[in-house]
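Residue strings, one per chain:
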Number of protein chains: 4
Amino acid sequence: MGGPREGRRTEDNSRSLNRILALSDGVFAIALTLLVLNIEVPEIPEDLVAEELPGALLDLWPKFLSYILSFVVIIFYWIAHHSIFGLIKDHDRVLIWLNSLFLLCVAFLPFPTALLDEYGDQQLVVVIYAGSLATTRLLLSLVWWYVSGRPHLANIDTDPSTMRAFGIRAWVVPLIFLVSIAISFFSVTAAVYSWLLLVIADFVLLRVLRRSR
Amino acid sequence: MGGPREGRRTEDNSRSLNRILALSDGVFAIALTLLVLNIEVPEIPEDLVAEELPGALLDLWPKFLSYILSFVVIIFYWIAHHSIFGLIKDHDRVLIWLNSLFLLCVAFLPFPTALLDEYGDQQLVVVIYAGSLATTRLLLSLVWWYVSGRPHLANIDTDPSTMRAFGIRAWVVPLIFLVSIAISFFSVTAAVYSWLLLVIADFVLLRVLRRSR
Amino acid sequence: MGGPREGRRTEDNSRSLNRILALSDGVFAIALTLLVLNIEVPEIPEDLVAEELPGALLDLWPKFLSYILSFVVIIFYWIAHHSIFGLIKDHDRVLIWLNSLFLLCVAFLPFPTALLDEYGDQQLVVVIYAGSLATTRLLLSLVWWYVSGRPHLANIDTDPSTMRAFGIRAWVVPLIFLVSIAISFFSVTAAVYSWLLLVIADFVLLRVLRRSR
Amino acid sequence: MGGPREGRRTEDNSRSLNRILALSDGVFAIALTLLVLNIEVPEIPEDLVAEELPGALLDLWPKFLSYILSFVVIIFYWIAHHSIFGLIKDHDRVLIWLNSLFLLCVAFLPFPTALLDEYGDQQLVVVIYAGSLATTRLLLSLVWWYVSGRPHLANIDTDPSTMRAFGIRAWVVPLIFLVSIAISFFSVTAAVYSWLLLVIADFVLLRVLRRSR
């Protein structure tokens, strides 16, 4: 339904890339901001407010946690997207579609987050949440895999260790989410906590990769 | 209510075009991200969650499908918008209004999607959904038709076959949606599946048009 | 709570102006797209859908109308904003605040629209809707009035008739909305229709102003 | 989960900074626009509308006030963000994360605003609202503190008094919010009004700081 993009000059090319980034940043910003809509103000009868509000707000803590968790993971993905597109200098239709499928998953994330808010103790929900995040990251890894083999799309000559680091991290994050799915079959709580370890693991990994250069 | 735009220089012109694209990309990004709000977390009494949640989530599959369908179609339209504005170098008030009417339809799409979610088996709903998507694409085709005849607005001299491809695709997509409306009078399910064929048809058409050059 | 902005160079100045436009376009895009959330899918018992859905959708027509009306008026305001900022070359704190107050009103517009959807036959609601739109436009006129007298902020030397046109239109639109408030005391329906006349009046006014140059 | 950003040139650097600003402005714009969703159209039985609507709308006035209050404070923060990033010329991973944590708080603000709408007379709610706004501003101050000591990240040589003004204002705003929390233990109403004084105080402070140069 689009149309051919041939015969464009480099300046148009840059404007064209900027629009892909503008759409992506828009979807990221809205997905991040919609997360807060999952946290609803508790409804309490007027004469019981003073008594029951503190407890009702405390009961919201899993929603605050999942807000922070989803926000931080989406920021992780945004940083990865930012890093990958920092190397991209041109695009083709396949790249636009891979990026769009990634955005389809990013825009979907408020749903598994809301599900986790409501039924965070259910193994099925933990599997759906981890599965959604793993799929999202895999699609971004696919974007990376697609451009890294095409020198006319990305500046891949910059530094071999940078390339290796991109490659390792592209597969480690989805792998850890998939491992957390396996863990959830034994303990749902352990699976949820494994996501926090994931954040730490990523920072450690980053430091090791940097030191190894 | 606006104001005349005369006496501007080319650099302002570029900033001016960028604002039209910024507003358009914003509307696209939000329409894409609002689609997920149609998928609501099922409400289940606490003691029945483990038992009923899997079934309740499975029952959501038409909502997941219509999320993906609407997302993909809006991305199709974004790519077409992207291609058309890649050729546009200047704008006038008519172009702004045609683009705004197109955006009015894009911003409206979450409603027919929600309708399809709820009453996807009703012929009327299928007609409204296909009709909304056809109208939206027709307005974009109108943008294309308007600029393609005005050399001071668009770089139309690039390549005659590119122009022809734009022209063919501008009318094929709304046509297929209108055909699906006709189909819906015989079978609602067949009409819904015809939209999936549309996606395939578009890819084939694109490939044929490219080969023919 | 902000901070001084002194000692900046012109390139930073341009980036700075771009951020004001980015925030403004973001607020415009979201206000436009939130309007559709006012149109809710009717809830109908499963066995009555085929029978009652057509009627229920027809009953939504005032919501479709107010969606289109608010969308078109916000686009009008966006075009005016676009025209005014096309002449602005620098900014100060007062300009940022006037623009922010204008955005506060733009972001508020989904509320009077929702009110009109629900209680469009009430004179009070018509007054609130027209009053909100008049106030919004007056704040934009204030932006224009502020920069038009400050040559270091706006390129006002371009064309005296352009300036006059800006000035006339800045006050005509809020005036017509205020007149519609007066009309509403006699007939609510007449007041609503007067807004449609407003759109036509604006086009005519634009044409006359152009011819008179 | 991101990836190393080494080996980039300055033009990429500028595009990279622009994306951080695009994401930030997107989150700001959406947080600002979501605030209006807290103001719900009152539901009134059809035969009582004419009678009860004026009262029902008047009862909404605390929601209008908190809409304006939150909108103005978020604009204050946006202006501060705008001023700080006007001096920033490069970024590293720590800056991205500090900015992201700040955005996490900005995107969260619609929740304490909704809470204030519903239970504005509760001391706990006033503490949560003031605490959220203080934390948000402190994170922005942290961004400032981080870049102001790193000449390769920010142009801090511009003007010593500008630097001092940034520094004073960075800590004054959260301080005042923290004081309002103390006040709330004596009078909830006084605490709420102290926020309005805050706005005035900020303007006075700005004027004094400017005069002292």
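Read on for an overview of the structure. Note on numbering: residues in each chain are counted from 1, in written sequence order. Each chain is given a letter, starting from A, and each ligand a number, starting from 1, according to the order in which they appear as written. Side-chain atom pairs in this predicted model are given and counted only at pLDDT of 80 or more, local residue features only at pLDDT of at least 70, and totals for whole chains, interfaces and linings cover all residues. Working from all heavy atoms in the structure, the side-chain values ignore hydrogens and water.

A word on the overall build of chain A
In this text, helices come from DSSP runs of H or I with a minimum length of four residues, and strands from runs of E with a minimum of two, each type numbered from the N-terminal end. The number of helices and strands found in chain A is eight helices and zero strands. In chain A, the succession of helices and strands from N to C terminus is α-α-α-α-α-α-α-α. When a residue's accessible area, from a 1.4 Å probe over protein chains only, is under 20% of the maximum for its type it is buried; when over 50% it is exposed; and in between it is partly exposed. Taken over 213 residues, chain A has a buried fraction of 60%. Every residue pair with non-hydrogen atoms within 4.5 Å of one another is taken to be in contact. A separation threshold of at least 6 residues defines the contact pool for chain A, and within that pool the share at least 24 residues apart is 80%. Only the protein chains shown count as cover for residues, and all accessible areas are computed by the Shrake-Rupley method using a 1.4 Å probe. Put simply, chain A shows about 8,600 Å² of open surface, and 65% of that area lies on carbon and sulfur atoms.

Quick look at the packing of aromatic side chains
Residues and elements named next belong to chain D. By convention, a stacked pair of Phe, Tyr or Trp rings (six-membered ring in the case of Trp) has centres within 6.5 Å and planes under 30 degrees apart, an edge-to-face pair has planes over 60 apart, and any other such pair is tilted. By the definition in use, this model includes 32 aromatic pairs over all chains. With a centroid separation of 5.8 Å and an interplanar angle of 50 degrees, the aromatic rings of Tyr-67 and Phe-71 are classed as tilted. One end of the pair is Tyr-67 and the other is Phe-71, both in helix H3 (residues 61-87) and four residues apart, which spans about a single turn. This pair shows no difference in class: Tyr-67 is buried, exactly as Phe-71 is.

Points about the environment of Pro151(C)
Residues and elements named next belong to chain C. With respect to the helices, strands and loops of the structure, Pro-151 is situated in the loop between helix H6 (123-148) and helix H7 (160-184). Look at Pro-151 and you get exposed, because its relative accessible area is 51%. Along the chain, Pro-151 and Asp-90 lie 61 residues apart, while their C-alpha atoms are 9.7 Å from each other.

As for the interface of chain C and chain B
Taken together, the contact pairs 55 residues of chain C with 40 residues of chain B. Summed over both sides, the interface between chain C and chain B buries roughly 4,200 Å², with carbon and sulfur atoms accounting for 71% of that surface. Buried area counts how much accessible surface, traced with a 1.4 Å probe, disappears from two parts once they are put together, with both parts' losses summed. Looking only at chain C, the three residues that lose the most surface to chain B are Thr33(C), Val41(C) and His82(C), adding up to 15% of its buried area. Each salt bridge in this description consists of a side-chain nitrogen of Lys or Arg and a carboxyl oxygen of Asp or Glu lying within 4 Å of one another. Across the contact surface, chain C and chain B share one salt bridge. Here a polar contact is recorded for every N or O atom pair within 3.5 Å, except that within protein the pair must consist of a potential hydrogen donor and a potential acceptor, and residues adjacent in sequence are included only if both atoms are side-chain atoms. If you look at where chain C meets chain B, you find seven residue pairs in polar contact (both at pLDDT 80 or more). Those elements that provide at least two residues to the side of chain C that touches chain B are helix H1 (10-34), helix H2 (49-58), helix H3 (61-87), H7 and helix H8 (188-211) of chain C. Residues are grouped as follows: nonpolar covers Ala, Val, Leu, Ile, Met, Phe, Trp, Tyr, Cys and Pro; charged covers Asp, Glu, Lys and Arg; every other residue, Gly included, is treated as polar. Classifying every residue of the side of chain C that touches chain B gives 37 nonpolar, ten polar and eight charged.

Observations concerning the interface of chain A and chain B
The partner chain B presents 55 residues to the 40 residues of chain A that form the contact. At the junction of chain A with chain B, the criterion picks out one salt bridge. Measuring nitrogen to oxygen at the nearest pair gives 2.6 Å for the salt bridge that ties Asp25(B) to Arg19(A). The interface formed by chain A and chain B contains seven residue pairs in polar contact (both at pLDDT 80 or more). Mapped by element, the contributors of at least two residues to the side of chain A that touches chain B are helix H1 (10-34), helix H4 (93-108), helix H5 (110-119) and helix H6 (123-148) of chain A. Considering every element that reaches the side of chain A that touches chain B, the biggest residue donor is H1(A), with twelve residues. Looking at the side of chain A that touches chain B, its residues break down into 23 nonpolar, eight polar and nine charged.

A look at the pattern of salt bridges
Residues and elements named next belong to chain C. Counted by the stated rule, this structure contains seven salt bridges over all chains. Taking the shortest distance from any N to any O, the salt bridge between Glu-118 and Lys-63 comes out at 4.0 Å. Of the two residues, Glu-118 is situated in helix H5 (residues 110-119) and Lys-63 in helix H3; the sequence distance between them amounts to 55 residues.

Considerations on the relation of the copies chain C and chain B
Expressed as a screw operation, the relation of chain C to chain B combines 0.0 Å of axial shift with a rotation of 90 degrees, fitting to an RMSD of 0.0 Å. Here the symmetry operator amounts to a four-fold rotation axis. When each C-alpha of chain C is compared by its distance to the rotation axis, Gly26(C) comes out closest, at 4.4 Å. A distinct binding surface is used by each copy, with only 2% of the interface residues of chain C retained as interface residues in chain B. Superposition of the copies was done by least squares, using only C-alpha atoms of residues whose pLDDT is at least 70 in both.

Coordinates in, geometry out; function isn't part of it.
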